[in-house]
Amino acid sequence: AQSVTQLDSQVPVFEEAPVELRCNYSSSVSVYLFWYVQYPNQGLQLLLKYLSGSTLVKGINGFEAEFNKSQTSFHLRKPSVHISDTAEYFCAVAFTGFQKLVFGTGTRLLVSP
Amino acid sequence: KAGVTQTPRYLIKTRGQQVTLSCSPISGHRSVSWYQQTPGQGLQFLFEYFSETQRNKGNFPGRFSGRQFSNSRSEMNVSTLELGDSALYLCASSFGGGRGSPKNTGELFFGEGSRLTVL
């Protein structure tokens, strides 16, 4: 079965420190990969996506992610986080077209001063 | 450009009742998807509509249904509500049209959701 695993349910970090949020997927077919962010009481907003091409993808708000096919991973990174980055982050995979996404369980990023 | 609009934002129902949620996609978007978000199950795909036709369906019981109108607006209905139906229901829109379509960037645009509480 196709699945997405976010290994960390919560990641605490100090402001201006680097952070990595991990995402692994399981699939025997080509996939398209996404990271979304959800702020409290809001919907989801796309951070970045990998459809094809360069495996290093840059997104909004200084985030980037690297697609690693051999390790079936798509980890999200930011070199220096801000308080405003506190939110829940979801990794998602599209297996059969863009409209149906399989989401990971989410990682809550907590940035403290 | 207006975003995805979902109504109502909050609602409270009792077991056995039914509920209808509405979603207005971004202008020009023809695909509307619905997701259920709960603390226990996370985000789960309900169904997706494109040009008034259901193209994809998740693993939810028949109590969950939806439809799309000619103006791309969509509604979802849950009948015979159960306590476990309490959730945030998110609607997302996109151009649709398949991966080959130049307008299809793969991005879903989400609304703020309708939070349903079943008592």
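Only a predicted model underlies this, so the values are computations on that prediction, with no experimental measurement involved. (Residues numbered from 1 in each chain as written. Chains lettered and ligands numbered in written order. Predicted model: local features only at pLDDT ≥ 70, side-chain atom pairs only at ≥ 80, totals over all residues. Heavy atoms only, no water.)

A. Region of interest: the side chain of serine 74 of chain B. Residue and element names in this part refer to chain B. Tracing the sequence through the fold places serine 74 in strand 8 (residues 74–78). Residue classification places serine 74 among the buried residues on the basis of a relative accessible area of 0%. Within polar-contact distance, the side chain of serine 74 engages the side chain of tryptophan 34 at 2.9 Å. Within the structure, serine 74 has its side chain in polar contact with the backbone oxygen of arginine 67 (distance 2.9 Å). When near neighbours in sequence (up to four residues on either side) are disregarded, serine 74 contacts Leu21, Ser22, Cys23, Val32, Trp34, Tyr49, Arg67 and Gln68. (Helix = DSSP H or I, 4+ residues; strand = E, 2+ residues; numbered from the N terminus. Buried < 20%, exposed > 50% of the residue type's maximum accessible area, 1.4 Å probe, protein only. Polar contact = N/O pair within 3.5 Å; in protein donor to acceptor, adjacent residues only side chain to side chain. Contact = heavy atoms within 4.5 Å.)

B. Structural detail: the confidence of the model for chain A. Summary statistics for chain A give a mean pLDDT of 91 and a share of 95% for residues scoring 70 or more. The lowest-confidence element of chain A is strand 11 (residues 101–103) of chain A, averaging 89 in pLDDT; the highest-confidence one is strand 3 (residues 19–21) of chain A, averaging 98. (pLDDT = per-residue confidence, 0-100.)

C. Region of interest: the packing of aromatic side chains. All names here are of chain A. The tally for this structure, following the rule as stated, stands at 13 aromatic pairs over all chains. Taking the centre distance of 4.4 Å and the plane angle of 25 degrees together, the rings of tyrosine 50 and phenylalanine 67 count as stacked. With tyrosine 50 in strand 6 (residues 44–50) and phenylalanine 67 in strand 8 (residues 64–68), this pair connects stretches of sequence that are 17 residues apart. Each member of the pair, tyrosine 50 as well as phenylalanine 67, is classed as buried. (Phe/Tyr/Trp six-rings, centres within 6.5 Å; stacked < 30°, edge-to-face > 60°.)

D. Expanded view of the state of the cysteines. For the coordinates displayed, the defined rule picks out two disulfides over all chains. Each sulfur of the disulfide joining cysteine 23 of chain A and cysteine 91 of chain A lies 1.9 Å from the other. Classification of the bridge connecting cysteine 23 of chain A and cysteine 91 of chain A rests on its S-S torsion, roughly -65 degrees, and on that basis the disulfide is left-handed. One end of the pair, cysteine 23 of chain A, is in the loop between strand 3 and strand 4 (24–26); the other, cysteine 91 of chain A, is in strand 10 (residues 87–94), with 68 residues separating them in the sequence. Side by side, cysteine 23 of chain A and cysteine 91 of chain A carry an identical accessibility label, which is buried. Disulfide partner of cysteine 23 of chain B: cysteine 91 of chain B, at an S-S distance of 1.7 Å. Disulfide cysteine 23 of chain B-cysteine 91 of chain B: torsion about the S-S bond near -55 degrees, hence left-handed. One end of the pair, cysteine 23 of chain B, is in strand 3 (residues 19–24); the other, cysteine 91 of chain B, is in strand 9 (residues 87–94), and 68 residues separate them in sequence. Accessibility expressed as a relative area gives 0% for cysteine 91 of chain B, which makes it buried. (Disulfide = S-S within 2.5 Å.)

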